[in-house]
Structure formats: structure tokens, C-alpha cells
Amino acid sequence: MAADWLGSLVSINCGPTLGVYQGEVVSVDQSSQTISLRQPFHNGVKCPVPEVTFSAIDIKELKILDITIGNARNSSSASTKVSSAPVAVPKGDPRSAANLNSPQHCSKSQGERHVDIPGQPKGFRRRHNSWSSSSKGANQATPKKNGVKNGQMKPRDDECFGEATDDGLDTDFDFEGNLALFDKAAVFSEIDISERRNGARSRGTPLDQTPTRYRHDENILEAKPVVYRQITVPQPGAKEYCTDSGLVVPSISYELHQRLLSIAERHGLSLERRLEMTGVCATQMALTLLGGPNRFTPKNLHQRPTVALLCGPHVQGAQGISCGRHLANHEVEVVMFLPNFVKMLDCVTSEVTLFNKTSGKQVSSIKDLPDTPVDLIINCLDCHENTFLMDQPWYRAAADWANQNRAPVLSLDPPGSGQGQAVEAKWSLSLCLPLSLAEGDGRVYLCDIGIPRQVFKEVGIKYICPFGCKFVIPLHSA
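Here is what the cut-offs are and how they apply
- Residues numbered from 1 in each chain as written.
- Predicted model: local features only at pLDDT ≥ 70, side-chain atom pairs only at ≥ 80, totals over all residues.
- Heavy atoms only, no water.
- UniProt positions renumbered as here; feature names shortened; annotations may be inferred.
- Helix = DSSP H or I, 4+ residues; strand = E, 2+ residues; numbered from the N terminus.
- Buried < 20%, exposed > 50% of the residue type's maximum accessible area, 1.4 Å probe, protein only.
- Areas by Shrake-Rupley, 256 points an atom, 1.4 Å probe, with all protein chains shown as cover.
- Core = buried A, V, L, I, M, F, W, Y, C linked by side-chain atoms within 4.5 Å.
- Pairing = 2+ DSSP bridges.
- Right-handed = clockwise from strand over helix to strand, strands pointing away.
- Axes fitted to C-alpha atoms, helices over the stretch in contact; angles between N-to-C directions.
- Parallel < 35°, antiparallel > 145°, perpendicular 65-115°, else oblique.
- Left-handed = near helix turned anticlockwise from the far one by under 90°.
- Contact = heavy atoms within 4.5 Å.
- Nonpolar A, V, L, I, M, F, W, Y, C, P; charged D, E, K, R; others polar.
- Phe/Tyr/Trp six-rings, centres within 6.5 Å; stacked < 30°, edge-to-face > 60°.
- Expected span 1.5 Å × (residues − 1).
- Arc of directions from axis to C-beta.
- Patch = residues over 30% accessible without salt bridge, like charges linked within 9 Å, V, L, I, M, F, W, Y side chains within 5 Å.
- Salt bridge = Lys/Arg side-chain N within 4 Å of Asp/Glu carboxyl O.

By the naming in an unreviewed UniProt entry, the chain is Enhancer of mRNA-decapping protein 3, taken from Dissostichus eleginoides. Entered under Subcellular location (unreviewed entry) in the UniProt record, the comment concerning the chain runs "Cytoplasm, P-body". Under the UniProt heading Sequence similarities (unreviewed entry), the entry covering the chain gives this text: "Belongs to the EDC3 family."

Structure (C-alpha cells):
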């Protein structure tokens, strides 16, 4: 019956001339094919008249926005509302209004949102849209969220906010499963191929990427391949070393080492200069081992480090005495052991004279050495030429004291691996080019004593300085 549709909210499209009307159905006349709306809205604006009547001839399209079963005006109980999809009424069809008698003609639309009502069949649903709340009263203002703002209806609300609820949203999204479907390597490969075809720069893998930022010591210009073997010797030793930057430093024999020093002395690099240079480099290394700038500050004057020097009556001993003099000048407590000899080398005598002008202490007996552990022991007892010194009582006593003391040992210019050492060292400092040292000599360091490149060339050594900006560098076994 037509009376069943009274009270429903409908939208009537009368074409571009008359426009679109929305309102509540108050009467449906099947004989005259007319329908009347109460509290009508014309193109989103409330009409000044309380009721408007339409003929079926003028109606282009009719959409049902909200259905009320039963006559809401005459029913004493609360009316039951169900939702229905819009129904299009063709123009000029006399049965169009009569077809509204059956709710089965109402179909769902993907543009509306429905909510199930408990106790009602699933075919009846309440539709939440922009016009359900606007029909509560004739004088009630329409909220902005219902699609009316400043008297203008937004067409997008009916299509966007009337979307039907998808039951699939109740299930959680499987991120891991979908991520497993993504083949990252294949995608990046396609990107690389397309960029290469277009002449663009390839992204590549993270390991192959060209860095976008460079350090202050990196060159952004492409250079020639790096040659790591820049030093070649005519008679390589038994071992090879490499620097922190990868440069190869070969070891040389003691005979070639002596030839190199003698030619350098002939060109003006005297023994005194070598002693001074060796003493300075050894002092720099010792100060670093003692703590460097963290230890030598004005606030730590009450914690002056103590260094014990064990020197023999030879050139290596003179190098140690020169190191002790520089350490004493840097406020280090130095105790130098040197046995009494009737006659010593001139270089040793001159270095002892200079050392005695400092605050350092010179002793000739093992009993005068400190009983408590010192901060560092510098071993200069061994000599390259005279191996018989190891049999002397003073040598054995000094070696026993060093081994019993718990301080770390720095060996200065130690002999090659062919000669044994009675004192086990933690560090060893070699001059210009290293000898083949034994495992007991600890970690090997190399110091630059200022020999020119042409001097290396005279003895058949192709030499390029491996020190960089330093005078003392660490060496690693290749």
C-alpha cells in the first residue's frame, strides 16, 4: 500500500530545470500519480513553503533515503525504521509510484553505509547518511558533518561517507605475509636496469653505493690505483710488515742496515744527529704509552710517572740515555741504570753528561733501582754486535729485575731474531727500516730518523716514505 511509505525520506531529481528536492513523504496519490513532501529542501536550501507536490511526469529519478514502515503520524507506538538503497524511478512510468508498495524493490547501493539492527531481518538495515538527522525538526539547523554548510549541499558526502562497511576490516592486516611477497632484489634490479638504459647513475647495492658524503681526508676525484708495495729492497728479510694504511714495509738484514747508516753518516747524518732523532721519537712514543695529554696536565703534577732506563755501554745505550734526557725534560721521573766501565764510547759519555744536567737519577747498581713497579721500562741493554754482554753479571741482574718488575717494557732498537733477548718486551721501536724481529719483541713500531731518499737509492732500496704525517708508526705482520 502507498500508505506504508508515508514518513520516509526521499530525494527527487526533477532535472536541471527544477532541480533536486529532499523531504518527508506525506502523501502518495496513485490515481493522479503525484507525491507530496513535507519540510522540503530544494538544492540543499530549505524551501519557504511547508509542502511541495510532484507529478510523475516531472520526476526524473527518485531515491529513498530513509524508510519508515507504518504511518509514523498515526501510530501510537514508536515507528520502526529500516534502511533501503536508493530506487530510481524512470520518467513517465505510471507504475513507478505504485512500485513503492513493496519493500522488495529496494536494493543496496555501494554508495551507502548500513548498520544492522538487532531483531530485524538482514534485508532491513538503517542507513546513516546526511539526511537522516536533518529530518528531526523543521527548524533544526543542519550540522556541518551532515553535508550542509552555509546552505550548500556537498555532493561528495553522499558518495564518500555513505560507503558500506566492509566486514574484512575486522581482521588484522598480515604485514609479514605481504612483506614476504615483495622481492626487494628483483625490484632494485629492475630500477638499476632502467636507470642504466636512461643513462642515469645506478643506485646499486648498499655495499656498492658511492658515498654522498666524504670525510675531510677523502678525495672525491678518481685517482690512480693505489700501489701498496712502494718499498723494495735488494735482499728482503725473513718478514714483511704493513702499516695501518696497508703499505708494505719489508724487513732488511743487519748488514744492509749498517750500510745504510754508514752512507747516511758519510753524507752528513752524523751519529749525534741519529741519537738525537732516535731519542725524540722514542720520547714521543713513551709519553704516549704513559698516558699522553690525559696524564701530563698541570692538575696531575702530583702523579708524575716513573720510567726506568736500562742502558748498556754501546750505541743502543746512548740512544736510551738521549730518550731519558728528553723524558726528564717533560717532568718524568727517570731512573737510568748504567754499569760502571773504565772506558766507554764518546757518544755514551756525552749523552751521560747531558743527562746529568736534568732531574733524572743515574744508578750503577741494581739495588738502587725502584723496588715497586714503575710505569714503564725502556730496555737498551742489547747490542747488535757484542752478544757476549748477555753473559755479564750486570746484564743478567738487570734482566732479572725487569722481568720481576710488573711494568711494561719498551725495547729500543732491538737486534734481529737471530739473537735472543733476556727481557720480554711489549713494544719494540726500530729505526728507518725494521729488522726481522722475534715474537718475543712484542708489537713493532717504526721511527723516522731523517735518512734522505737518495741515500736509500745508493744501497739499492727503492724507498717512498711510509710515515705520512707522523714520525712513529705501528707495523703489523703481513
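What exactly am I supposed to notice about the overall build of the chain here?
In terms of regular secondary structure, the chain is built from 10 helices and 22 strands. Expressed as a percentage of its 478 residues, the buried residues of the chain come to 41%. About 27600 Å² of surface is accessible on the chain, with carbon and sulfur atoms providing 53% of the total.

Whenever I open this one, the nonpolar core confuses me. Can you help?
Note that soluble globular proteins tend to have their nonpolar side chains buried in a common cluster. Ranked by size, the top nonpolar core spans 62 residues in total, and within it Leu327, Ile378, Leu429, Leu433, Ile451 and Ile461 carry the most contacts. The leading source of residues in this core is helix H6 (residues 271–289), at seven residues. Among the nonpolar cores identified, the runner-up in size contains 21 residues, and Val363, Leu381, Ala399 and Ala425 belong to it.

I would appreciate a short explanation of the pairing of strand S15 (residues 333–337) in the present structure.
Judged by how many residues are buried, S15 sits mostly within the fold: four of five residues are covered. Across five bridges, strand S14 (residues 306–311) lies against S15 in parallel orientation. Directly across from Thr306, in S15, lies its bridge partner Glu333. In the sheet, S15 pairs with strand S16 (residues 361–363) via three bridges, with the strands oriented parallel. Its bridge partner lying in S16, Met336 is registered against Gln362. Taken together, S15, helix H8 (residues 346–355) and S16 form a β-α-β motif whose crossover is right-handed.

Would you take a moment to explain the packing of H6 against helix H7 (residues 315–329) for this structure?
To characterise two packed helices, one gives the angle between the axes of the helices and the distance between these axes. Here H6 crosses H7 at 55 degrees, and the two axes come no closer than 8 Å. Viewed along their axes, H6 and H7 adopt a mutual orientation that is oblique. For the element pair H6 and H7, the recorded crossing hand is right-handed. Mapping the contact onto sequence places Leu271, Leu275, Glu276, Thr278, Gly279, Val280, Ala282, Thr283, Ala286 and Leu287 in H6 and Val315, Ala318, Gln319, Ser322, Cys323, Arg325, His326 and Leu327 in H7. Of the residues belonging to the contact of H6 with H7, the class tally is 10 nonpolar, six polar and two charged.

What exactly am I supposed to notice about the sheet that holds S15 here?
Two pairing modes exist for strands in a sheet, parallel and antiparallel, and in both the strands are linked by backbone hydrogen bonds. Within the open sheet, the eight strands sit side by side as S16-S15-S14-S17-S18-S19-S20-S21. Their pairing is mixed. Sheet topology places S16 and strand S21 (472–474) at the edges, where each strand pairs with a single neighbour. Geometrically, the sheet is characterised by an average inter-axis angle of 20 degrees between neighbouring strands, direction not taken into account. Bridge count between strand S20 (residues 443–447) and S21: three bridges; the pairing is antiparallel. Looking at the pairing, Cys447 lines up with Val472 of S21. Strands strand S17 (376–380), strand S18 (409–412), strand S19 (427–431), S20 and S21 of the sheet are contacted by H6, whose axis makes an angle of about 155 degrees with S19. Here H7 sits on the sheet and contacts S14, S15, S17, S18 and S19; the angle it forms with S14, its principal contact strand, is near 160 degrees.

Whenever I open this one, the packing of aromatic side chains confuses me. Can you help?
Inspection of every chain in the model, using the stated rule, returns five aromatic pairs. Here the aromatic rings of Phe173 and Phe175 are separated by 4.8 Å at their centres, their planes lie at 75 degrees, and the arrangement is edge-to-face. Aromatic ring contacts, followed pair by pair, group Phe341, Trp394 and Tyr395 into a single cluster.

So what exactly am I meant to see when it comes to the environment of Cys465 here?
Following the sequence through the fold, Cys465 ends up in the loop between helix H10 (453–458) and S21. For the pair Cys465 and Asp448, spaced 17 residues apart in sequence, the C-alpha to C-alpha distance is 8.9 Å.

How do you make sense of helix H5 (residues 254–266) when you look at a structure like this?
Every α-helix carries 3.6 residues per turn, so stepping three or four residues along brings you back to the same face. In this model, H5 (13 residues) spans 18 Å end to end at C-alpha, consistent with the 18 Å of a helix rising 1.5 Å per residue. Buried within H5 we find Leu256, His257, Leu260, Leu261, Ile263 and Ala264. Angularly, the buried residues of H5 cover 165 degrees about the axis, an arc narrow enough to put them on a single face. The exposed residues of H5 that point more than 90 degrees off its buried face are Glu255 and Arg266. Turning to H5, the residues buried within the fold contact strand S13 (248–252), H6, S19 and H10.

Teacher, can you tell me more about a nonpolar patch on the surface here?
Together, Tyr214, Ile220 and Leu221 line one region of the surface with nonpolar side chains, adding up to about 340 Å² of accessible area. Mapped onto the fold, Ile220 is located in the loop between helix H4 (184–197) and strand S12 (236–242).

Explanation requested: the pairing of S19 in the structure shown.
Remember that side chains alternate between the two faces of the sheet whenever the strand is regular. Burial of S19 is extensive: five of the five residues sit out of reach of the surface. One ladder, built from three bridges, connects S18 with S19; its direction is parallel. Directly across from Ser411, in S19, lies its bridge partner Ser428. Across five bridges, S19 lies against S20 in parallel orientation.

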